[in-house]
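Each chain, written out:
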Amino acid sequence: MNQKFEDMCARGEVFGSIPEDVIIAAETELKVSFPQQYRDFLRRFGSGLIGGLEIYGLPDPKKNNPPLWQDVVKVTKQLREWAQSGSENPAYVPITEDGTGVFFFLDTAVSPNTKIIAIGPGVNRMVSSDFFAFCVDLSEGRLQL
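All of these numbers come straight from a predicted model, not from anything done at the bench.

### A short note on the layout of surface pockets
By rolling a water-sized probe across the atoms, one finds the places where empty space is left. The computed volume of the largest pocket comes to approximately 190 Å³. A total of 4 residues in the lining of the largest pocket trace back to one element, the largest contributor, which is helix 2 (residues 20-30). A breakdown of the residues in the lining of the largest pocket according to their chemical character gives 10 nonpolar, 1 polar and 4 charged. Taken as a whole, the second largest pocket spans an internal volume of roughly 150 Å³. In this structure, the second largest pocket is lined by Pro59, Pro61, Asn64, Pro67, Trp69, Gln70, Asp71, Lys74, Val75 and Gln78. Taken together, the residues of the lining of the second largest pocket sort by class into 5 nonpolar, 3 polar and 2 charged.

### Observations concerning the packing of helix 1 (residues 3-11) against helix 5 (residues 131-139)
Pairs of packed helices are described in terms of their axes, by the angle between the two and the distance that separates them. Orientation of helix 1 relative to helix 5, taken along the N-to-C sense of each, is 65°, at an axis distance of 8 Å. Note that helix 1 runs across helix 5; the crossing there is left-handed. Across the interface between the two elements, Lys4, Phe5 and Met8 of helix 1 pack against Phe131, Phe132, Cys135, Val136 and Ser139 of helix 5. Here the contact of helix 1 with helix 5 is built from residues that sort into 6 nonpolar, 1 polar and 1 charged.

Cut-offs applied
- Every chain is numbered on its own, with residues counted from 1 as its sequence reads.
- The model is predicted, so local features are restricted to residues of pLDDT at least 70 and side-chain atom pairs to those at 80 or more, both for listing and for counting; the totals for chains, interfaces and linings are taken over all residues.
- As a rule here, side-chain values come from all non-hydrogen atoms in the structure, and water together with hydrogens is ignored.
- For each structure, a 1 Å grid was placed over the protein atoms alone; sets of points admitting a 1.4 Å probe that cannot get out are labelled cavities, open sets with protein on both sides within 12 Å along at least five of seven lines are labelled pockets, and lining residues have an atom within 4 Å of a point.
- Grid points are joined across faces, edges and corners, and a volume is the space filled by probe spheres set on the points.
- Under the scheme used here, helices are H or I runs from DSSP no shorter than 4 residues and strands are E runs no shorter than 2 residues, and both carry numbers assigned from the N terminus.
- Polar here means any residue other than Ala, Val, Leu, Ile, Met, Phe, Trp, Tyr, Cys and Pro, which are nonpolar, and Asp, Glu, Lys and Arg, which are charged; Gly is therefore polar.
- Angles here are taken between N-to-C directions and fall from 0 to 180 degrees, while the axes themselves are lines fitted to C-alpha atoms, restricted in helices to the stretch in contact.
- By definition, any crossing whose near helix is turned counterclockwise from its far helix by less than a right angle is left-handed, and any crossing with a clockwise turn is right-handed.
- Contact between two residues is taken to exist if any of their heavy atoms lie within 4.5 Å; hydrogens are not considered.

Set out below in structure tokens:
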């Protein structure tokens with residue numbers, strides 16, 4: 001993992017470790033395979049409010065009341081139901097958004113590798129092939145759309 005990302009997590013709010021069987025169940029429900037870096041994030045941190053970002057994850061609903069963290073399965077299904085741009089691709093799983101209508105999706109078709117796509121008003125392009133660097137860059141305002 002990226003040291004800056006680790007530092008962001010240490011200063012932020014993270015849910016906590018997610019067991020492998022929960023990750024597999026989420027992948028099965030969404031019919032995808034998460035990239036290795038995202039799986040590592042889920043295993044170690046679960047979900048996060050870090051560096052001004054909300055990274056969707058897999059918080060246990062019993063320990064997330066009132067809800068602090070977004071569930072990646074629920075967000076993915078909701079965006080698909082609403083026909084949000086990007087959600088029509090079944091391989092795309094949203095991991096965060098920037099507050100202006102731009103969502104950032106993992107392209108799970110390239111798993112175990114990482115490919116992050118930004119989709120929103122006037123934006124539809126690949127922005128990173130490294131989950132940890134992406135989070136740091138977006139948090140620090142270095143990601144240009």
